[in-house]
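Observations on the model geometry
One-letter residues, chain by chain:
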Amino acid sequence: MKQDQKSTQITEESPWRTQLGQAISTPAQLPERFNVDIKALTTVTRQYPMLISPHYLSLIENEKDPLWKQAIPDVVELEDQQNVEDPLAEEPQSPVPAIIHRYPGRVIFLVSNRCAMYCRHCMRKRKVGEEDLHFGKKSSSRVEEGIQYIKAHPGINEVILSGGDPLLLGTEQLDRILSALKACGHVRIIRIHTRTLCTLPSRITDDVVLMLKKYHPLYMNTHFNHPREITPTSTRACEKLANAGIPLGCQTVLLRDVNDDAATMGELMTRLLEIRIKPYYLHHPDPVAGTAHFRPDVSVGLEIMKQMRGRLSGMCIPQYMIDLPGGEGKLPLLPDYVKSRSPKTIQVENYLGKMCDYPL
């Protein structure tokens, strides 16, 4: 009798795991209120799988919704002939399968290939649906190999846990990884990149927050792309982490017909700050195969940055970033405020369009 009670015990992690188990993975599972061509979308998912958590699905209002565009497959994904699977050359910069070592002092540690939602604009779209790295000997060996690589390179002072989504690991599993990294004396900063605050906020349990608190200085970057993704549930998840002293940042992606206007972007950045998430990066989408329809012209991003400057708090302004093809690294882009230069002054344009002289 005791054994039966133990086998059915509900733990604090059960709700988010239950939600994950209820995620939909085929177009046929979409609610009937949506008008979709199931056959056409199924063709897309054979190449680019889909997965949508119940939480995120509940936020989608209709087929023209900016949230729909991020979550639901589109036949145009198969029409992209101009982009490539790995434009940032992550594979050549992976000395072992779980590590991307692009910059001397920091590495990306791919500890998971699972997400609560497969974003249609994913920069690692090529990896979605690969064999599960969570279970079995191959998973353990990849993670252990990554830890050993970090241990063997004392020049690495920062580790970014990514994937997939690191918070799709169990709390104990993530605890073991963080403990091993903390034991490396040269690792001074750990970052976790996760979208669960947006797509699966129930993952932020008291247990996982208590565990994460052990590993300060620990930073977390999340990923919101639209103001409507900020819900009471996601706000509570952010509050738990912020109250635990974990600084939160957001890496938003500029997406055509989702957030590519100054009003939407400004509202998003302001609301992020209200829930104690610092806008960090505004990424121009990478030229990844299957995502061409999401990529606006760079001029759109520069104009949005120009419109936000002066109209929003400086704390709301992210850096507008491009990631150079071939693994050459990230660069910030700025509007051209300097219009002319003389030996003693530069002429600049302020946020209202007024020309002003500034002494050198």
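Summary of the structure given here. Sequence positions are assigned chain by chain, starting from 1 and proceeding in written order. Totals for whole chains, interfaces and linings use all residues, but because this is a predicted model, local features are given only for residues with pLDDT of at least 70 and pairs of side-chain atoms are given and counted only at 80 or more. Remark: hydrogens and water are excluded; side-chain values derive from all non-hydrogen atoms of the structure.

Side-chain rings of Phe, Tyr and Trp (the six-membered ring for Trp) are treated as a pair once their centres are within 6.5 Å; stacked means planes under 30 degrees apart, edge-to-face means over 60, and tilted covers the remaining angles. All chains considered together, the criterion is met by two aromatic pairs. With a centroid separation of 5.0 Å and 65° between ring planes, the pair formed by Phe34 and Trp68 is classed as edge-to-face. Taken together, the residues span a long stretch of sequence, with Phe34 in the loop between helix 2 (14-21) and helix 3 (38-47) and Trp68 in helix 5 (residues 66-71) at a distance of 34 residues. The same class applies to Phe34 and to Trp68, which are both buried. We call a charge positioned above a ring when the Lys NZ or Arg CZ atom is no farther than 6 Å from the ring centre and deviates by at most 35 degrees from the ring normal. Above the plane of the ring of Tyr103 lies Arg106, whose end atom (NZ or CZ) is 4.1 Å from the centre. A cation over a ring is seen here: Lys125 above Tyr48, with NZ or CZ 4.7 Å from the ring centre. In this text, helices come from DSSP runs of H or I with a minimum length of four residues, and strands from runs of E with a minimum of two, each type numbered from the N-terminal end. Between buried and exposed lies partly exposed: a residue is buried under 20% and exposed over 50% of the maximum accessible area for its type, with that area taken using a 1.4 Å probe on protein chains only.

The subject of this paragraph is the pattern of salt bridges. Salt bridges, as used here, are contacts in which a Lys or Arg side-chain nitrogen is within 4 Å of a carboxyl oxygen on Asp or Glu. According to the stated counting rule, one finds 17 salt bridges in the structure shown. Ionic pairing is found between Arg126 and Glu91, a salt bridge with its closest N-O pair at 3.2 Å. Of this pair, Arg126 sits in the loop between strand 2 (106-110) and helix 6 (136-151) while Glu91 is found in the loop between helix 5 and strand 1 (99-103), placing the two residues 35 residues apart along the sequence. The partner of Glu349 in a salt bridge is Lys306, with the nearest N and O atoms 3.5 Å apart. Here Glu349 is found in strand 11 (residues 345-349), whereas its partner Lys306 is found in helix 12 (residues 298-308), with 43 residues between them in sequence. Using a relative accessible area of 23% as the deciding quantity, one classes Lys306 as partly exposed. Here the salt bridges do not stand alone but share partners, grouping Asp86, Glu90, Glu91, Arg124, Arg126 and Lys127 into one network.

Once that is clear, we can look at the nonpolar core. Residues Ile52, Phe109, Ile150, Leu161 and Leu212 are the most contacted members of the largest nonpolar core, which totals 74 residues. Ranked by residues supplied to this core, first place goes to helix 7 (residues 171-182) with five residues. What makes two residues a contact is simply this: any of their non-hydrogen atoms within 4.5 Å. Not counting the four nearest positions on each side in its chain, Phe109 is found in contact with Ala98, Ile99, Val143, Gly146, Ile147, Ile150, Val159, Ile160, Leu161, Ser162, Ile177 and Leu181. Note on terminology: a nonpolar core comprises buried Ala, Val, Leu, Ile, Met, Phe, Trp, Tyr and Cys residues joined through side-chain atoms within 4.5 Å. Trp16, Leu20, Ala116 and Leu200 belong to the second largest nonpolar core, which has five residues in total.

Without other data, these values stay purely geometric and don't point to any function.
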